[in-house]
Amino acid sequence: NAGVTQTPKFRILKIGQSMTLQCAQDMNHNYMYWYRQDPGMGLKLIYYSVGAGITDKGEVPNGYNVSRSTTEDFPLRLELAAPSQTSVYFCASSYSDRGNEQFFGPGTRLTVL
Amino acid sequence: TQLLEQSPQFLSIQEGENLTVYCNSSSVFSSLQWYRQEPGEGPVLLVTVVTGGEVKKLKRLTFQFGDARKDSSLHITAAQPGDTGLYLCAGGEGRLYFGRGTQLTVWP
């Protein structure tokens, strides 16, 4: 049982490049989330999904896209990377959205130069 | 605008000292969660408090949920270097809102 896995661990992008951050969970959780964490700013929700085929915007969705074709996978797409997207990105999953524990992946540290 | 305000932002103490960190909001939450995050890792849930006035203990950690369900505190007794980390509170229905966290460093 691997929990929540994320790839890659680190990535450096040039301005204007695109990439996909991968996230997978093997706990059969319906709810999945993408957060970004900037120093001293806590976690900000980018997008979330309540099940396969259903996604919704969080607090800071601009510059990102997501898809949820299966229960297990929830990739985050960055189009036209900008320096403001330099951050640590965390994927999480939970059984439900009502006070249930969120399980986090190890994070992807992204630098845009 | 931060829905959940945590204080202090940084705390640096010696091993054996006691400490309390706070999580405050002007909004009422049906539950609040506390997570701990270590460098290079994702947050890990410590506890969920759901009832106003509730006190939960986890070894040397004591968590309290305010009577009005707008605030919470985490008290650590006899802190150890292994307690070092970023402590985050979170709350919300449907989606979690996180505070900015308290960075705790415990020196041997």
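Below is a summary of the structure that appears in this document. Remember, it's a predicted structure, so these values are computed and weren't measured experimentally.

## Section: the interface of chain A and chain B
Then step 1. At the interface, 24 residues of chain A touch 22 residues of chain B.
Then step 2. When the two sides are added together, the surface that chain A and chain B hide from each other amounts to roughly 1,700 Å², 48% of it contributed by carbon and sulfur.
Then step 3. At the boundary of chain A and chain B, one finds zero salt bridges.
Then step 4. Summed over the shared surface of chain A and chain B, the number is three residue pairs in polar contact (both at pLDDT 80 or more).
Then step 5. Of all elements in the fold, only strand 4 (31–37) and strand 5 (43–51) of chain A reach the threshold of two or more residues within the side of chain A that touches chain B.
Then step 6. It is strand 5 of chain A that provides the largest number of residues to the side of chain A that touches chain B, a total of four residues.
Then step 7. Considering only residue class, the side of chain A that touches chain B consists of nine nonpolar, eight polar and seven charged.

## Here we look at the sheet that holds strand 7 (residues 61–65) of chain B
All names here are of chain B.
Then step 1. What the five strands build is an open sheet, ordered 1-3-8-7-6; its pairing is antiparallel. Of all strands in the sheet, those bounded by a partner on one side alone are strand 1 (5–7) and strand 6 (55–58). On average, each strand axis in the sheet is inclined to that of its neighbour by 15°, with strand direction left out of account.
Then step 2. Judged from the three bridges that link them, strand 1 and strand 3 (residues 19–24) form a sheet pairing that is antiparallel. Paired with Ser7 across the bridge in strand 3 is Tyr22.

## Regarding the sheet that holds strand 3 (residues 19–25) of chain A
Residue and element names in this part refer to chain A.
Then step 1. If you trace the four strands from one edge of the open sheet to the other, you get 1-3-8-7, paired in antiparallel fashion. Both edges of this open sheet fall to strand 1 (4–7) and strand 7 (64–66), since each of them pairs with a single strand only. Averaged over all adjacent pairs, the angle separating strand axes in this sheet is 20°, with direction ignored.
Then step 2. Where strand 3 meets strand 8 (residues 76–78), three bridges bridge the pair, whose relative direction is antiparallel. Among the inter-strand pairings, Thr20 is bridged to a residue of strand 8, identified as Arg77.

## A look at the state of the cysteines
Then step 1. Under the defined criterion, the tally for this structure stands at two disulfides over all chains.
Then step 2. Through a disulfide, Cys23 of chain A is tied to Cys91 of chain A; the S-S separation comes to 1.8 Å. Where Cys23 of chain A bonds to Cys91 of chain A through sulfur, the torsion about that S-S bond is close to -70°, and the disulfide is left-handed. Here the residue Cys23 of chain A occupies a position in strand 3, and Cys91 of chain A occupies one in strand 9 (residues 87–94), the gap between them amounting to 68 residues.
Then step 3. Accessibility expressed as a relative area gives 2% for Cys23 of chain A, which makes it buried.
Then step 4. Each sulfur in the disulfide pair Cys23 of chain B and Cys89 of chain B lies 2.0 Å from the other. When the S-S torsion is 75°, as for the bridge of Cys23 of chain B with Cys89 of chain B, the disulfide is right-handed. Linking Cys23 of chain B in strand 3 with Cys89 of chain B in strand 9 (residues 85–91), this pair joins segments that are 66 residues apart in sequence. Per residue, the accessibility class of Cys23 of chain B equals that of Cys89 of chain B, and both read buried.

Criteria and cut-off values
- Residues numbered from 1 in each chain as written.
- Chains lettered and ligands numbered in written order.
- Predicted model: local features only at pLDDT ≥ 70, side-chain atom pairs only at ≥ 80, totals over all residues.
- Heavy atoms only, no water.
- Contact = heavy atoms within 4.5 Å.
- Buried area = accessible area lost by both parts, 1.4 Å probe.
- Salt bridge = Lys/Arg side-chain N within 4 Å of Asp/Glu carboxyl O.
- Polar contact = N/O pair within 3.5 Å; in protein donor to acceptor, adjacent residues only side chain to side chain.
- Helix = DSSP H or I, 4+ residues; strand = E, 2+ residues; numbered from the N terminus.
- Nonpolar A, V, L, I, M, F, W, Y, C, P; charged D, E, K, R; others polar.
- Pairing = 2+ DSSP bridges.
- Axes fitted to C-alpha atoms, helices over the stretch in contact; angles between N-to-C directions.
- Disulfide = S-S within 2.5 Å.
- Buried < 20%, exposed > 50% of the residue type's maximum accessible area, 1.4 Å probe, protein only.

Honestly, it's all geometry; don't read function into it.
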